[in-house]
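# A structural walkthrough
Listed below, chain by chain, are the residues.
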Amino acid sequence: MSKPIVAIVGRPNVGKSTFFNYVVGQRISIVEDEPGVTRDRIYAQANWCGKNFTLIDTGGIEPKSNDTIIVNMLEQVNIAISMADVIIFMTDIKNGILETDKDIALMLKKSRKPIILVCNKSDNFGKKTEDISEFYALGIGEPLAISSTNALGIGDVLEAVCKKLPESDEENDEEITKVAIIGKPNVGKSSLINRILGENRVIVSNIAGTTRDAIDTYHENEHGKYTLIDTAGIRRHSKIKENIEKYSIMRTLLAIERSDVCLMMIDAKEGVTEQDTKIAGEAHDAGKGIIIVVNKWDEIEKDNNTFNKFKKEIYNKLAYLTYAPIIFISAKTGQRVDKLFDMINNVAKMNALRVPTGVLNQVIDEAIAITQPPTDKGRRLKILYVTQASTKPPTFIVFVNNKDLFHFSYERYLVNHIRKEFGLEGSPIRMIAREKVEK
């Protein structure tokens, strides 16, 4: 990333995510009155007084904890600190200085990065009733009192941040393909991203549902520029008991919505489950380019027929996704992961394809010549002409003499003919029928 990076760091439940959401202007980080909700690094773009920077929200850290998830969270925070140009160290003015705050302060001072010390939850902001002076003992510098919930004092913090930011070297606006990695919990989404990046970018554990937020990561290689979006696995609704889990599902659906291509990950050991069909259906309904990625292929015993058998079974259970290419990988060993980006580029290209009206109507005329439109009670469907209304996905408006005669079976026939003519691998195609009176 070429923009300066600002990381928000602190122990659990001091209000980091509330501050983050206010600054970036939208509810990206999950905010819940429960410690340890934000686990991975959350990125968003922010601007203050004309200065652009990337803001990172991090999970609450407890440096001396032995809990597996918390230890992994600490690793993520350390990565965020190493990437950051400026660090916002957030504390809670109501609780005063805790031992954990002292441990974090020591850790941050070792980083030798510029640090802004913030005392949040100053609900009597400006009345000087809370004693902020004790926070000088952390040895970080002058503490700034704020109330993230009431949006008080945040401007002062951002001004202090901007004074310490290096000059940005922003890239020109170039096409960046947004790729959402979707699938049920524990299918290997985070492992795939870590394999691509060559670093432990997101927490990986064998505890289902470890990734709760949708995580954005910029990645550039010889194939192009990408934003990889790691999403929380969508559980069955019967298993959704926490509010946090509900937020994560919303975040996943929003991640699908803003992506160009979805990598629909399936566990080779389990095959296509009912849950997979629902998740894939969300991407299909959203009109996104889709690649079916079968993970853990290295753990399957194979014979000469295994590949074709799996492929047939997948398309049988995901009948609406027969246009989506399938790739068999192992995120663990890296098997075929390098082949993903050519597929991503092609599917993104197909999803954004625009067909000239003249060429489109030639193709439709050919289809009609091969198979005549259906009749109903002596009336025959007439297709007057077709035009493309939009891309992502390619959407075509078919002007007909009678919409009731435009049966689904003939619509599917035309869609298949268009797909065959122009490729359109990995992209859904939409058709909208409109009646037009013949002159």
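Residues numbered from 1 in each chain as written. Predicted model: local features only at pLDDT ≥ 70, side-chain atom pairs only at ≥ 80, totals over all residues. Heavy atoms only, no water.

With respect to the helices and strands, Asn416 occurs in helix H11 (residues 408-422). Sequence separation between Asn416 and Tyr323 is 93 residues, and the spatial gap between their C-alpha atoms is 9.3 Å. (Helix = DSSP H or I, 4+ residues; strand = E, 2+ residues; numbered from the N terminus.)

Another point: the packing of aromatic side chains. For the structure on display, the rule yields seven aromatic pairs. Between Phe307 and Phe328, the aromatic rings sit 4.9 Å apart at their centres with planes inclined by 55 degrees, giving tilted as the arrangement. With Phe307 in helix H8 (residues 306-317) and Phe328 in strand S12 (residues 326-328), this pair connects stretches of sequence that are 21 residues apart. Since its relative accessible area comes to 38%, Phe307 is described here as partly exposed. For Phe328, a relative accessible area of 2% gives the class buried. Look at Tyr410 and Tyr413: their rings are 5.4 Å apart centre to centre, the planes differ by 40 degrees, and that puts the pair in the tilted class. Residue Tyr410 and its partner Tyr413 are located together in helix H11, separated by three residues, close to a single helical turn. Residue Tyr413 is classed as partly exposed on the basis of its relative accessible area of 21%. (Phe/Tyr/Trp six-rings, centres within 6.5 Å; stacked < 30°, edge-to-face > 60°. Buried < 20%, exposed > 50% of the residue type's maximum accessible area, 1.4 Å probe, protein only.)

Let us look at empty space enclosed by the protein. All told, the structure shown has one cavity of 30 Å³ or more when counted by the stated rule. Looking at the largest cavity, its volume works out to about 30 Å³. Surrounding the largest cavity, Ile266, Gly271, Val272, Val294, Phe310, Glu313 and Ile314 form its lining. When grouped by side-chain class, the residues that make up the lining of the largest cavity number five nonpolar, one polar and one charged. (1 Å grid on protein atoms, 1.4 Å probe; cavity = no way out; pocket = protein on both sides within 12 Å on 5 of 7 lines; lining within 4 Å. Points joined across faces, edges and corners; volume = space filled by probe spheres on them. Nonpolar A, V, L, I, M, F, W, Y, C, P; charged D, E, K, R; others polar.)

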